Amino acid sequence: MERTLVILKPDAVQRGLIGEIICRLERRGLKIIAMKMVQLSEEIARRHYAVHEGKPFFEGLIAYITSAPVVLMVLEGPRAIEVVRTTMGATDPAKAAPGTIRADLALTVDRNLVHGSDGPETAASEIALFFREDELLQYPRDTDRWLMVKP
Ligand code: CMP
């Protein structure tokens, strides 16, 4: 079982796409174990995107992600990191496969609606950046036995 961090970015909130995006992730069977709406501070944004510091798009990325509220979620499921990334589609919406969130709902890489962790270590550190351990809920779902064998 894996956990991953998802951010519905300011363009998702402003364009009224929160429900549409959560719907696509939730309907795959991923379990929402934490969720909150916040406006990111510049300090947290810079920490989250530290790996991109120095790149030409970095300052624009920080301005974008702090420009309006975002929705932060932790999703859990088998291979959740990969499942979220394939549901989102390629980082650049122009290159994303049809049927993915970014291909269906976005146009450009600098306004690509969603973020999902790219690996297990990143997921762990991103989740810890935004959520306390006691905010990650543990609860049974009766539907799990219809989604996977021995959840
Ligand atoms: P995300 O998955 O959140 O990870 C890093 C983000 O940087 C990415 O989505 C885009 O929002 C942004 N990004 C990546 N490449 C570019 C680019 N060439 N120009 C502008 N923004 C970019």
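Residues numbered from 1 in each chain as written. Predicted model: local features only at pLDDT ≥ 70, side-chain atom pairs only at ≥ 80, totals over all residues. Heavy atoms only, no water.

Engineer: Hey, could you go over the environment of Val-83 for me, with residue numbers and the actual values?
Structural biologist: Mapping Val-83 onto the fold places it in helix 5 (residues 80-88). Judged by relative accessible area, Val-83 falls into the buried class, the value being 17%. A sequence separation of 58 residues divides Val-83 from Leu-25, and the C-alpha atoms of the two residues are 8.8 Å apart. Among all residues touching Val-83, those that are not within four sequence positions of it are Arg-28, Leu-30 and Pro-78. (Helix = DSSP H or I, 4+ residues; strand = E, 2+ residues; numbered from the N terminus. Buried < 20%, exposed > 50% of the residue type's maximum accessible area, 1.4 Å probe, protein only. Contact = heavy atoms within 4.5 Å.)

Engineer: An account of the site of the ligand is needed here, citing residue identities and associated values.
Structural biologist: Lining the immediate surroundings of the ligand are Lys-9, Tyr-49, His-52, Phe-57, Leu-61, Thr-91, Arg-102, Val-109, Asp-110, Asn-112 and His-115. Between the ligand and the protein, one listed contact pairs an oxygen atom with a side-chain N or O atom of Tyr-49 at 2.5 Å. Between the ligand and the protein, one listed contact pairs an oxygen atom with a side-chain N or O atom of Asn-112 at 3.2 Å. Contact with the protein chains hides 78% of the accessible area of the ligand, taken as 450 Å² for the molecule alone. (Near = heavy atom within 4 Å. Polar contact = N/O pair within 3.5 Å; in protein donor to acceptor, adjacent residues only side chain to side chain. Areas by Shrake-Rupley, 256 points an atom, 1.4 Å probe, with all protein chains shown as cover.)

Engineer: Any chance you could break down the nonpolar core for me, citing the residues and the numbers?
Structural biologist: Inside soluble globular proteins, nonpolar side chains tend to come together where they are buried. Core analysis: the biggest nonpolar cluster contains 22 residues, and Leu-8, Ile-21, Leu-25, Leu-75 and Leu-113 have the highest contact counts within it. Where this core is concerned, the elements lending two or more residues are strand 1 (2-8), helix 1 (10-14), helix 2 (18-27), strand 3 (70-77), helix 5 and helix 6 (101-105). A per-element tally of this core places helix 5 first, with four residues. For Leu-75, the residues in contact, after removing those within four places along its chain, are Glu-2, Arg-3, Thr-4, Val-6, Leu-25, Leu-30, Lys-31, Ile-32, Ala-80 and Val-84. Among the nonpolar cores identified, the runner-up in size contains 19 residues, and Leu-5, Ile-7, Ile-62 and Tyr-64 belong to it. (Core = buried A, V, L, I, M, F, W, Y, C linked by side-chain atoms within 4.5 Å.)

Engineer: Kindly report on the pairing of strand 3, identifying the contributing residues and their values.
Structural biologist: Summarising burial for strand 3: eight of the eight residues are buried, a large majority. The two faces of strand 3 match: Val-70, Leu-72, Val-74 and Glu-76 on one face and Val-71, Met-73, Leu-75 and Gly-77 on the other face are all buried. Note: strand 1 against strand 3, seven bridges, orientation antiparallel. Its bridge partner being in strand 3, Ile-7 is matched across the sheet by Leu-72. The pairing of strand 2 (residues 31-38) with strand 3 spans seven bridges and is classified as antiparallel. Pairing of Ile-32 across the sheet is with Leu-75, part of strand 3. (Pairing = 2+ DSSP bridges.)

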